[in-house]
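Residues per chain, in single letters:
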Amino acid sequence: MRAGTIWPDLPYAGWRDTARTLHLWTQIVGKVRLRLTPWLNHGWQVPLYVTARGLGTSPMPAGPDLCDIEFDFIDHRLVARSSCGKGGSCPLEAQTVAEFFRKALELLNDLGVAVAINEMPNEVPNPVRFSQDHAHTSYDAGAVHDFWRALIQVDRVFKLFRSGFLGKASPVHFFWGSFDLAATRFSGRPAPRHPGGIPGLPDPVTREAYSHEVSSAGFWPGSEAFPQPAFYSYAYPEPAGFRQRTVTPGARFDAALGEFILPYGTVRVAADPDAVLLDFLSTTYAAAADCGGWDRAALDCPVGVPGRVRPL
């Protein structure tokens, strides 16, 4: 890790090309999971998860067996394994998306897992079929390692925050379409039909994802449209008064994005980064729940403590 902190510096401009390439690589692996795994509510069968070495699919059904795929950001390899004892890997290094696509499917074929995926990327501008993408080739191993180290910290704090809720809540998971780590709480009530129209995401997928009222928070490393790492929080549907609520110092409501934004750098340099991030998650959730009339007395609870049963 380059920075002298467990929250590494992540200037988007410094790894922009690598981030764009890695985004597409995660989509290839994510689409394998989409193809092999039965549909879960809100698309929860498709994300990746932060692991002790990188990002992984978790076990996926492959006929009578299981298989998994992991981006190892320590040894910088793509690793595929099956429950029948087979396994293989290939280097994560500078290469085209087309080359990575071919190697990933070869790894699966070697496990006896034949899978065909939709080759068109999602939620990216000017998408090109994976097998024809020779433009994205960058892989800065140090930058990717820093990104993963940041994900570890975010995943840890998000999971702590998740423990303070008794209602329906998503896992903390990495969506490869939007390239962000996210966690969502639900009021328990159905939501109005989503209008759709999210670029690169089919309307039926969007509408199923937002079938119920949510308060959702996440972290993204930056993009062309928003070139800095940041935490975000939004509500769907957005209740009256939500965007006017006072939240964590340093955060603001971005009208263009329709979300509260807290720069990653603000958290990183804070005296207590965990406390700042937890406060952002808590105050933006409170804004959504209070303005939306959620039954917080029935839904909220203290955050969990390792080894201690939740008091009733």
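It should be noted that the structure appears before, not after, this text.
Analysis parameters
- Residues numbered from 1 in each chain as written.
- Predicted model: local features only at pLDDT ≥ 70, side-chain atom pairs only at ≥ 80, totals over all residues.
- Heavy atoms only, no water.
- Helix = DSSP H or I, 4+ residues; strand = E, 2+ residues; numbered from the N terminus.
- Rg over C-alpha atoms; globule rule 2.2 N^0.38 Å.
- Buried < 20%, exposed > 50% of the residue type's maximum accessible area, 1.4 Å probe, protein only.
- Contact = heavy atoms within 4.5 Å.
- Areas by Shrake-Rupley, 256 points an atom, 1.4 Å probe, with all protein chains shown as cover.
- Lys, Arg positive; Asp, Glu negative; His and termini not counted.
- Charge placed at Lys NZ, Arg CZ, Asp CG, Glu CD.
- Pairing = 2+ DSSP bridges.
- Axes fitted to C-alpha atoms, helices over the stretch in contact; angles between N-to-C directions.
- 1 Å grid on protein atoms, 1.4 Å probe; cavity = no way out; pocket = protein on both sides within 12 Å on 5 of 7 lines; lining within 4 Å.
- Points joined across faces, edges and corners; volume = space filled by probe spheres on them.
- Nonpolar A, V, L, I, M, F, W, Y, C, P; charged D, E, K, R; others polar.
- Phe/Tyr/Trp six-rings, centres within 6.5 Å; stacked < 30°, edge-to-face > 60°.
- Lys NZ or Arg CZ within 6 Å of the ring centre and 35° of its normal.
- Salt bridge = Lys/Arg side-chain N within 4 Å of Asp/Glu carboxyl O.
- Parallel < 35°, antiparallel > 145°, perpendicular 65-115°, else oblique.
- Left-handed = near helix turned anticlockwise from the far one by under 90°.

Now for the overall build of the chain. For the chain, the helix and strand inventory stands at seven helices and twelve strands. Expected size for 312 residues packed as a compact globule is a radius of gyration near 20 Å; at 20 Å, the chain falls within 12% of this value. Dimensions of the chain, computed from the C-alpha atoms along their principal axes, are close to 50 × 45 × 45 Å. A total of 312 residues make up the chain; the buried ones form 50% of that total. Intrachain contacts of the chain at a sequence separation of at least 6 include 61% that bridge at least 24 residues. Of the roughly 13,800 Å² of accessible surface on the chain, a fraction of 56% belongs to carbon and sulfur atoms. Taking the average place of the 29 positive charges on the side chains of the chain and the average place of its 31 negative ones, the gap between the two points comes to 3 Å.

On to the sheet that holds strand E7 (residues 173–175), then. Read across the open sheet, the six strands follow the order E7-E8-E9-E10-E12-E11; overall the sheet is antiparallel. The open sheet terminates on both sides in strands that have one partner only, identified here as E7 and strand E11 (252–254). Sheet twist, expressed as the mean angle between neighbouring strand axes with direction ignored, is 35 degrees. Against the sheet, helix H3 (residues 141–162) touches E7, strand E8 (180–190), strand E9 (212–220) and strand E10 (230–236), its axis set at about 20 degrees to E8.

With that out of the way, let us pick up empty space enclosed by the protein. Rolling a probe over the atoms, with the probe sized like a water molecule, indicates the empty space that remains. Here the structure, examined in full by the defined rule, presents two cavities of 30 Å³ or more. Put simply, the largest cavity is a space of about 50 Å³. Lining the largest cavity are Phe158, Phe161, Arg162, Ala169, Ser170, Ala183, Thr184 and Arg185. Among the residues forming the lining of the largest cavity, the class breakdown is four nonpolar, two polar and two charged. Of the voids in this model, the second largest cavity is the one considered here, and its volume is about 40 Å³. Taken together, Phe161, Ala183, Arg185, Ser215, Ser216, Ala217, Ser233, Leu281, Thr284 and Tyr285 make up the lining of the second largest cavity. For the lining of the second largest cavity, the class distribution of residues is five nonpolar, four polar and one charged.

Quick look at the packing of aromatic side chains now. For the structure shown, the criterion picks out 25 aromatic pairs. Taking the centre distance of 5.6 Å and the plane angle of 50 degrees together, the rings of Phe219 and Tyr264 count as tilted. Placement of the pair is Phe219 in strand E9 and Tyr264 in helix H5 (residues 264–268), with a sequence separation of 45 residues. Judged by relative accessible area, Tyr264 falls into the buried class, the value being 1%. Considering the side-chain rings of Trp220 and Tyr232, the 4.8 Å spacing of their centres and the 25 degrees angle between planes classify their relative orientation as stacked. With Trp220 in strand E9 and Tyr232 in strand E10, this pair connects stretches of sequence that are twelve residues apart. When sorted by exposure, Trp220 lands in the same class as Tyr232, which is buried. An aromatic cluster is defined as three or more aromatic residues linked by ring pairs; in this entry it consists of Tyr210, Trp220, Phe226, Tyr232, Tyr234 and Tyr236. Looking at Lys168, its charged tip hangs above the ring of Phe186, at a distance of 4.4 Å from the centre. The cationic tip of Arg185 hangs over the ring face of Tyr285; the distance from NZ or CZ to the ring centre is 4.5 Å.

Another point: the environment of Arg243. Mapped onto the elements, Arg243 comes out in the loop between E10 and E11. When the C-alpha atoms of Arg243 and Glu259 are compared, they prove to be 7.9 Å apart, with 16 residues separating the residues in sequence. Excluding its chain neighbours within four sequence positions, the residues that come into contact with Arg243 are Glu238, Phe253, Ala255 and Phe260.

A word on the pattern of salt bridges. Evaluated as defined, the whole model comprises 16 salt bridges. As a salt-bridge pair, Arg81 and Asp68 come within 3.0 Å of each other at their nearest N and O atoms. With Arg81 in strand E5 (residues 77–82) and Asp68 in strand E4 (residues 65–72), this residue pair connects regions lying 13 residues apart in the sequence. Lys159 is the partner of Asp155 in a salt bridge, and the nearest nitrogen-oxygen pair spans 2.9 Å. Of this pair, Asp155 and Lys159 both sit in helix H3, four residues apart, which is roughly one turn of that helix. The network of salt bridges with common partners includes Arg245, Asp290, Arg296 and Asp300.

Attention shifts here to the packing of H3 against helix H6 (residues 273–292). Between H3 and H6, the least distance of the axes is 10 Å, while the angle of their chain directions is 45 degrees. Judged by the inter-axis angle, H3 sits oblique to H6. Considering the relative orientation of H3 and H6, their crossing is right-handed. Where H3 approaches H6, its residues Arg156, Val157, Phe158, Leu160 and Phe161 are matched on the opposing element by Asp274, Leu277, Leu278, Leu281, Ser282 and Tyr285.

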